[in-house]
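An overview of the molecular structure
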Amino acid sequence: MKRILLSLIMVASVFGLFKTEACTNFLVTKGASADGSTMITYAADAGGFLEPLFFLNPTDHKPGDMLEIHDWDSHKYLGKIPQIAHTYGVVGNMNEWQVSIGETTFGGLSELRDTTGIIDYGTLIQLGLQRAKTAREAIKVMTDLVNTYGYYSGGESFSVADPNEVWIMEMIGKGPGSKGAVWVARKIPDGYIAAHANQSRIRKVIQNDPENCMYSKDVISFAKEKDIVVEHNGEFSFADTYNPLDPGGALYCEGRVWRFFSLAAPSNKLNEDYWRAVKGAEPYPLYIKPDKKLTPRDLQDFMRDHFEGTEYDMTKGLAAGPFGCPYRWKGLVWQIEGDTVNSYGWERPIATQQSAFTFVSQMRSFLPREIGGVFWYAVDAASTSCYIPLYCSMTKAPAQFVGGSIQEFDMDKAFWVFNAVANKAYSKFSYISKDIEKVQKHFEDKFELFQKPIEMAAQELYKKDKQAAIDYLTDYSVSSSETVVEAWRQLYKELMVKYNDGYINDFTAPGNENGRHPKGVGYDNEFLKRVLKERPGYYDVKWK
């Protein structure tokens, strides 16, 4: 059978040789959450990527108004489409109806990329949020857009959720000269969780069951026409057909799925072979049941994971350096000079240093929609940032989250504030991360504690004056954002003083009141052994 192979350029794009597009989504249904919320997470991971908070108030448009489309990644102008009469308010990746959308890029067969299309994946998310009241409606909006105007991007997995339903939708173009896309969307059954991380995960296309599966009419026939069909367990497989797995896809993508599933359901003892690129290993299921019902805090913790406590723990070993830094500087894939045969790759954990932002969206059907939707938003890397509650009905965006440039350091912008703290942490991570975690925990504990009384007060206001409730939640969201960003500014200053020149300065320690006797912490024993092994005898302090 003819196979269209992933091109080297597409593999490089997805796995970081030229450009990092490596995001992570977790999906939680009502029955799998502690309070009956639906939830999805997203890490927008791309090096050199500053993305201000996307914010729009509800807006009426005039007949004939046109909308310019620019590619989310490159900002390249793609074309114009007609605007609709009314667009909904959007805060980040959640709209005023509590619809939330995330994505991960899987790329797929490069021959199916149609660069003549007008609609890119980022525009699909933004327009889906602006034009839909439910997840199903968002899927229709998104698929209608690409059918009408063409799909510009490579293969994508989308998380699309509302307060009642959680869906995974996967989409890829048809190649130059064929407008539109082939796609499939699967609803996650209530009580289950799912994940995707830059590798297509939907295999089975359930036909004639629109309650649980929607798909383009040609999703299978197009593959047959191109002679690229791949089956799994005797049935057509979307994932294996349009995004055939290679070792990189297993190691860098399925590893994050395995880790989420193992954190949420350790009793499953999910086999590691598939993500460790063992040929013939059974793929992970599309969804599983968690061992316990999950909270937003659980998901925030999961988004900060670096395989801690496993044999793949990225805070351990030589690559972590003497201070247990869990990050590996790119490229993700590398070779040894002079060796043109073998390629190597760093681990790719859930949490990375190159996140522009991450979120946990919480959607609740048992509250008024203006109160039920909380967009827990963290700027930069999840492990060194803080999840701040932004309510979906808020009418203005915090100034620190708007604007900014990747070319200009600006401590008035949250992106650079959180980056400053993160970059300081890399130098002595095992120490500095603990200082960050104290401040992080202080605020996230407070937000968790305040959530119920804040929402009870908002509900009381809502009964009397809906706009007053919205204003109240707006003020809370904005003030919380301002407080946290200012706390991180102060944290950066404190870290610069405390860890100046690689020492640890404790000005309360006896004899160090003037800072003349800071504590030197040196390196851990294992690192020193490796140093000695590299140059035997060189560091001896004795007569030779």
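For every chain, the first residue of the written sequence is number 1, and numbering continues from 1 onward in sequence order. Local features in this predicted model are restricted to residues of pLDDT 70 or higher, and side-chain atom pairs are both shown and tallied only at a pLDDT of 80 or more, whereas totals for entire chains, interfaces and linings draw on every residue. Hydrogens and waters are ignored; side-chain quantities use all the structure's heavy atoms.

1. A few points about the overall build of the protein
- Helices and strands together make up the secondary structure of the protein, namely 12 helices and 23 strands.
- This radius of gyration counts C-alpha atoms alone. The globule rule is 2.2 Å times how many residues there are, raised to the power 0.38. At 24 Å, the protein has a C-alpha radius of gyration in line with the 24 Å of a compact globule built from 544 residues.
- The contact criterion used throughout is that any non-hydrogen atoms of two residues lie within 4.5 Å. In the protein, the share of contacts with a sequence separation of at least 24, taken over all contacts with a separation of at least 6, comes to 71%.
- Residue exposure ignores everything except the shown protein chains as possible cover, and the areas themselves are Shrake-Rupley values with a 1.4 Å probe. Here the protein displays about 23900 Å² of accessible surface, and carbon together with sulfur accounts for 54% of that area.
- All tallies of charge rest on Lys and Arg as positive and Asp and Glu as negative; His and the ends of each chain are not included. Note that the charge is assigned to NZ on lysines, CZ on arginines, CG on aspartates and CD on glutamates. Side chains of the protein give 61 positive and 69 negative charges; the mean places of these two sets differ by 2 Å. Helix numbers and strand numbers start at the N terminus; a helix is a DSSP run of H or I with at least 4 residues, a strand a run of E with at least 2.

2. Some thoughts on the environment of Ile432
- Among the secondary structure elements, Ile432 is positioned in helix 10 (residues 429-464).
- Sequence spacing of Ile432 and Ala382 is 50 residues, and the spatial spacing of their C-alpha atoms is 15 Å.
- In this structure, Ile432 is in contact with Lys424, Ala425, Ser427, Leu495 and Tyr499, ignoring residues within four places of it in sequence.

3. Topic: the sheet that holds strand 18 (residues 287-288)
- Any two strands with at least two DSSP bridges between them are considered paired. Here we have seven strands laid out as an open sheet, ordered 18-14-1-2-21-22-23, and antiparallel in their pairing. The sheet is open, and its two borders are formed by strand 18 and strand 23 (388-391), each paired with just one other strand.
- Where strand 1 (residues 25-28) lies against strand 2 (residues 38-45), two bridges are found, and the strand directions are antiparallel. Paired with Val28 across the bridge in strand 2 is Met39.
- Packed onto the sheet, helix 6 (residues 247-264) meets strand 1, strand 14 (193-196) and strand 18 and runs at close to 155 degrees relative to strand 14. For helices, the fitted line uses only the C-alpha atoms of the stretch in contact; every axis is such a line through C-alpha atoms, and the angle between N-to-C directions lies from 0 to 180 degrees.

4. Focus on the nonpolar core
- Residues belong to a common nonpolar core when they are buried Ala, Val, Leu, Ile, Met, Phe, Trp, Tyr or Cys residues joined through side-chain atoms within 4.5 Å. Throughout, exposure labels follow a simple rule: accessible area from a 1.4 Å probe, protein chains only, divided by the maximum for the residue type, with under 20% read as buried, over 50% as exposed, and the rest as partly exposed. Membership of the largest hydrophobic core comes to 142 residues, with the highest contact counts inside it found for Phe158, Tyr242 and Trp488.
- Apart from residues lying up to four places away in sequence, Tyr242 is in contact with Gly108, Leu109, Leu112, Ile172, Val182, Val219, Phe222, Ala223, Ile228 and Phe236.
- In this structure, Trp275, Ala281, Tyr284 and Tyr312 belong to the second largest nonpolar core, which totals eight residues.

5. Focus: helix 11 (residues 466-498)
- Here, expected helix span is obtained from the residue count minus one, scaled by 1.5 Å. Counted at 1.5 Å a residue, the expected span for helix 11 with its 33 residues is 48 Å, and the 48 Å between its end C-alpha atoms agrees.
- Where helix 11 starts, the residue carrying a side-chain oxygen 3.1 Å from the main-chain nitrogen of Gln467 turns out to be Asp465. Within 3.5 Å is the distance limit for a polar contact, defined as a pair of N or O atoms, with the added protein rule that one can donate a hydrogen and the other accept it, and that residues adjacent in sequence qualify only through two side-chain atoms.

6. A few points about empty space enclosed by the protein
- Put plainly, a pocket is an open set of points on a 1 Å grid over the protein atoms alone with protein on both sides within 12 Å along at least five of seven lines, a cavity is a set where a 1.4 Å probe fits but cannot get out, and a lining residue has an atom within 4 Å of a point. Grid points are joined across faces, edges and corners, and a volume is the space filled by probe spheres set on the points. Taken as a whole and assessed by the stated rule, the structure comprises five cavities of 30 Å³ or more.
- Its volume calculated, the largest cavity comes out at about 140 Å³.
- In terms of lining, the largest cavity is formed by 14 residues, of which the most central are Phe54, Trp72, Gly92, Asn93 and Phe357.
- Those elements that place two or more of their residues in the lining of the largest cavity are helix 2 (121-131) and strand 22 (374-379).
- Ranked by the residues each element gives to the lining of the largest cavity, the list is headed by helix 2, at three residues.
- We call Asp, Glu, Lys and Arg charged. Ala, Val, Leu, Ile, Met, Phe, Trp, Tyr, Cys and Pro are nonpolar, and the rest, Gly among them, are polar. Looking at the lining of the largest cavity residue by residue, the class counts come to nine nonpolar, four polar and one charged.

7. Considering the packing of helix 9 (residues 414-427) against helix 10
- Contact geometry for helix 9 and helix 10: axes closest at 6 Å, N-to-C directions at 145 degrees. Between helix 9, through Val421, Lys424, Ala425, Tyr426 and Ser427, and helix 10, the contact on the second element is made entirely by Phe429, Ile432 and Ile436.

8. Some remarks on the pairing of strand 5 (residues 66-70)
- Pairing analysis gives five bridges linking strand 5 to strand 6 (residues 77-82), with the strands arranged antiparallel. Bridge assignment links Glu68 to a residue of strand 6, and that residue is Lys80.
- Counted between consecutive antiparallel strands, the loop separating strand 5 from strand 6 contains six residues, among which His75 sits at a positive phi close to 65 degrees.

9. Here we look at helix 10
- Its 36 residues give helix 10 an end-to-end C-alpha distance of 50 Å, which sits within 8% of 52 Å, the value for a rise of 1.5 Å per residue.
- Take the seven residues that end at a residue and the seven that start at it, fit an axis to each, and the angle between those axes is the bend at that residue. Its maximal kink placed at Gln451, helix 10 deviates by approximately 40 degrees, while the proline Pro453 follows within four residues.

10. A closer look at the side chain of Asp162
- By the secondary structure assignment, Asp162 is in the loop between strand 11 (155-161) and strand 12 (166-173).
- The salt bridge definition used is simple: a Lys or Arg side-chain nitrogen within 4 Å of an Asp or Glu carboxyl oxygen. Of the side chains bearing the opposite charge, Arg136 lies closest to the buried Asp162, which forms no salt bridge; the N-O distance is 6.9 Å.
- A distance of 2.7 Å separates a polar atom in the side chain of Asp162 from the backbone nitrogen of Glu165.

11. With respect to the pattern of salt bridges
- Counted under the stated rule, the structure contains 26 salt bridges.
- Put simply, Asp298 and Lys292 hold a salt bridge, and the shortest N to O gap is 2.9 Å.
- One network of salt bridges, with partners in common, ties together Arg297, Arg304, Lys441, Glu444, Asp445 and Glu448.

12. Points about the pairing of strand 21 (residues 355-363)
- The element strand 21 is extensively covered by neighbouring structure, given that nine of its nine residues are classed as buried.
- Sheet topology places strand 2 next to strand 21; eight bridges connect them, and they run antiparallel. Considered in strand 21, the bridge of Ala44 is made with Phe357.
- Summarising the sheet, strand 21 and strand 22 pair through six bridges and their orientation is antiparallel. Bridging from a neighbouring strand, Gln362 pairs with Val374 of strand 22.

13. What to know about the side chain of Asp45
- Tracing the sequence through the fold places Asp45 in strand 2.
- Of the polar contacts made by the side chain of Asp45, one reaches the side chain of Ser355; its length is 2.4 Å.

14. Considering the confidence of the model for the protein
- Each residue carries a pLDDT score, the predictor's own confidence in it, on a scale running from 0 to 100. On average, residues of the protein score 94 in pLDDT, and 96% of them are at 70 or above.
- Across residues 1-20 the pLDDT falls below 50, and counting only partners more than four positions away or on other chains, this stretch makes 56 contacts in the model.

15. Side note on the packing of helix 2 against helix 3 (residues 135-149)
- The geometry of helix 2 relative to helix 3 is characterised by a closest axis approach of 9 Å and an angle of 130 degrees between their N-to-C directions. Our classification of the angle between helix 2 and helix 3 gives oblique. The hand of the helix 2/helix 3 crossing is right-handed. Packed against helix 2, whose contacting residues are Leu124, Ile125, Leu127, Gly128 and Arg131, the element helix 3 presents Glu137, Ala138, Val141, Met142, Leu145 and Val146 at the interface.
- By residue class, the composition of the contact of helix 2 with helix 3 is eight nonpolar, one polar and two charged. Here the angle decides the label: under 35 degrees means roughly parallel, over 145 means roughly antiparallel, 65 to 115 means roughly perpendicular, and every other value means oblique. Each crossing gets its handedness from the near helix: less than a right angle anticlockwise from the far helix is left-handed, clockwise is right-handed.

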